[in-house]
Amino acid sequence: MTGIELSEITASFGGERVLGPLSFAVTPGEQVALVGKSGAGKSTLMRLIYQQSNGGATLIPQDLGLVHALPVFHNVYMAQLNRHPTWYNVCTLVRPFQRERREIMPLLEQLGINEKQWAPVASLSGGQRQRVAIARALYRNSGMLLADEPVSALDGPMAHTVMALLQESYQTSIVALHDIELALRYSHRIIGIQDGRIALDEPSARLSEADILPLY
Ligand code: ADP
């Protein structure tokens, strides 16, 4: 388990400051929800945290980062590319081994996309693609999780299923969410971002929807 400590970080685009300076630490075992309206700076913050983690984090970016020409299976397998020699990865590209098939299939089943296992990602809907990116993160299951709006394209029950799976797999996480109910239910701590600054930082158990709404 790893955490992260950020000290006086800032981000600018075209000379305009969009984030910071802000500081905070996430300790191992802490599950944090990042909330705030569109444009507040959540994605920018997420990217900075990922850069500072030096590969010690698993990222679900908002654009998902999938290889559209490859099947679902291979996109998920990619999470563990660096755990195998090159020859093994090349063989898997042509004909996956039983071992990985047995590991990946249950993940796809839990997410309701097992029937799409051999379909190229390009042929999937937005919600199905999002579930492929989630399966890839579950398969990696290493370090801290950084997820940027991971359930934005999923319906209610599936959003809850996914949040529960992520919470179970990753003891330490920072998840950007626009759904306040999900944020309150699946985190220990809520950090609210407003105009690139921290406007709220409290244990979730002490907050209600009414405390968070002013950020929007
Ligand atoms: P959020 O994730 O909370 O919606 P972002 O981090 O995406 O917010 O954006 C924060 C601010 O930075 C916004 O004002 C946005 O317009 C600006 N911004 C983000 N990415 C870029 C970029 N590549 N170029 C210019 N401005 C950007």
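Residues numbered from 1 in each chain as written. Predicted model: local features only at pLDDT ≥ 70, side-chain atom pairs only at ≥ 80, totals over all residues. Heavy atoms only, no water.

Chemist: Is there a simple way to think about empty space enclosed by the protein in this case?
Modeler: Once rolled over the atoms, a probe with the size of a water molecule shows which space is left empty. One pass over the structure, following the stated rule, counts one cavity of 30 Å³ or more. Estimated volume of the largest cavity: approximately 60 Å³. Forming the walls of the largest cavity are Gln31, Leu145, Met163, Leu166, Gln167, Ser173, Val175 and Tyr186. If you list the elements that add at least two residues to the lining of the largest cavity, you get helix 6 (156-169) and strand 6 (173-176). (1 Å grid on protein atoms, 1.4 Å probe; cavity = no way out; pocket = protein on both sides within 12 Å on 5 of 7 lines; lining within 4 Å. Points joined across faces, edges and corners; volume = space filled by probe spheres on them. Helix = DSSP H or I, 4+ residues; strand = E, 2+ residues; numbered from the N terminus.)

Chemist: I'm lost on the packing of helix 5 (residues 126-140) against helix 6 in this one. Help?
Modeler: For any two helices packed against each other, one specifies the crossing angle of their axes together with the interaxial distance. Taken N-terminus to C-terminus, the directions of helix 5 and helix 6 make an angle of 15°; their axes are 10 Å apart at the nearest point. One way to sum up the angle between helix 5 and helix 6 is to call them roughly parallel. Along this stretch, helix 5 crosses helix 6, giving a crossing that reads as left-handed. Between helix 5, through Arg131, Ile134 and Leu138, and helix 6, the contact on the second element is made entirely by Met158, Val162, Leu165, Leu166 and Ser169. In terms of residue class, the contact of helix 5 with helix 6 is made up of six nonpolar, one polar and one charged. (Axes fitted to C-alpha atoms, helices over the stretch in contact; angles between N-to-C directions. Parallel < 35°, antiparallel > 145°, perpendicular 65-115°, else oblique. Left-handed = near helix turned anticlockwise from the far one by under 90°. Contact = heavy atoms within 4.5 Å. Nonpolar A, V, L, I, M, F, W, Y, C, P; charged D, E, K, R; others polar.)

Chemist: Looking at this structure, I do not really get the pairing of strand 7 (residues 189-194). What am I missing?
Modeler: Within a regular beta strand, the side chains point alternately toward one face of the sheet and then the other, so they alternate between its two faces. Counting buried positions along strand 7 gives five out of six residues, so the element sits mostly inside the fold. Bridge count between strand 3 (residues 31-35) and strand 7: four bridges; the pairing is parallel. Following the sheet pairing, Val32 is matched in strand 7 by Arg189. Examined bridge by bridge, strand 7 and strand 8 (residues 197-203) share six bridges and lie antiparallel to one another. In the strand pairing of strand 8, Ile190 is matched with Glu202. Taking the residues between adjacent antiparallel strands as the criterion, strand 7 and strand 8 are bridged by two residues, where Asp195 takes a positive phi near 45°. (Buried < 20%, exposed > 50% of the residue type's maximum accessible area, 1.4 Å probe, protein only. Pairing = 2+ DSSP bridges.)

Chemist: Can you walk me through the side chain of Lys42 in this structure?
Modeler: Its place among the elements puts Lys42 in helix 1 (residues 42-52). Buried and unpaired, Lys42 has no salt bridge, with Glu149 as the nearest side chain of opposite charge at 4.7 Å. In terms of polar contacts, Lys42 uses its side chain to reach the backbone carbonyl oxygen of Lys37, at 3.1 Å. When sequence neighbours within four positions are dropped, the list of residues in contact with Lys42 reads Leu34, Val35, Gly36, Lys37, Glu149, Ala176 and Ile193. (Lys, Arg positive; Asp, Glu negative; His and termini not counted. Salt bridge = Lys/Arg side-chain N within 4 Å of Asp/Glu carboxyl O. Polar contact = N/O pair within 3.5 Å; in protein donor to acceptor, adjacent residues only side chain to side chain.)

Chemist: Help me understand the pattern of salt bridges, please; the structure alone is not making it clear to me.
Modeler: Where charged atoms from two side chains of opposite charge come close, those side chains can pair. Counted according to the given criterion, the structure contains five salt bridges. As a salt-bridge pair, Arg189 and Glu30 come within 3.1 Å of each other at their nearest N and O atoms. Taken together, the residues Arg189 in strand 7 and Glu30 in the loop between strand 2 (16-26) and strand 3 connect sequence positions 159 residues apart. Between Glu100 and Arg99 there is a salt bridge, with its nearest N and O atoms 3.9 Å apart. For Glu100, a relative accessible area of 0% gives the class buried. Residues joined in a network through salt bridges with shared partners are Glu30, Arg189 and Asp201.

Chemist: Any chance you could explain the packing of aromatic side chains here in plain terms?
Modeler: For any pair of aromatic rings, the description rests on two quantities: the centre-to-centre distance and the angle between the ring planes. What the rule picks out here adds up to four aromatic pairs. Measuring from ring centre to ring centre gives 6.4 Å for Phe73 and Tyr77, while their planes differ by 15°; the resulting arrangement is stacked. Pair noted here: Phe73 and Tyr77 are both in helix 2 (residues 72-77), with a separation of four residues, about one helical turn. Between Trp87 and Tyr88, the aromatic rings sit 5.5 Å apart at their centres with planes inclined by 70°, giving edge-to-face as the arrangement. Given the relative accessible area of 54%, Trp87 is considered exposed. Overall, Tyr88 belongs to the buried group, its relative accessible area being 11%. One aromatic cluster in this structure is built from Phe73, Tyr77 and Trp118. (Phe/Tyr/Trp six-rings, centres within 6.5 Å; stacked < 30°, edge-to-face > 60°.)

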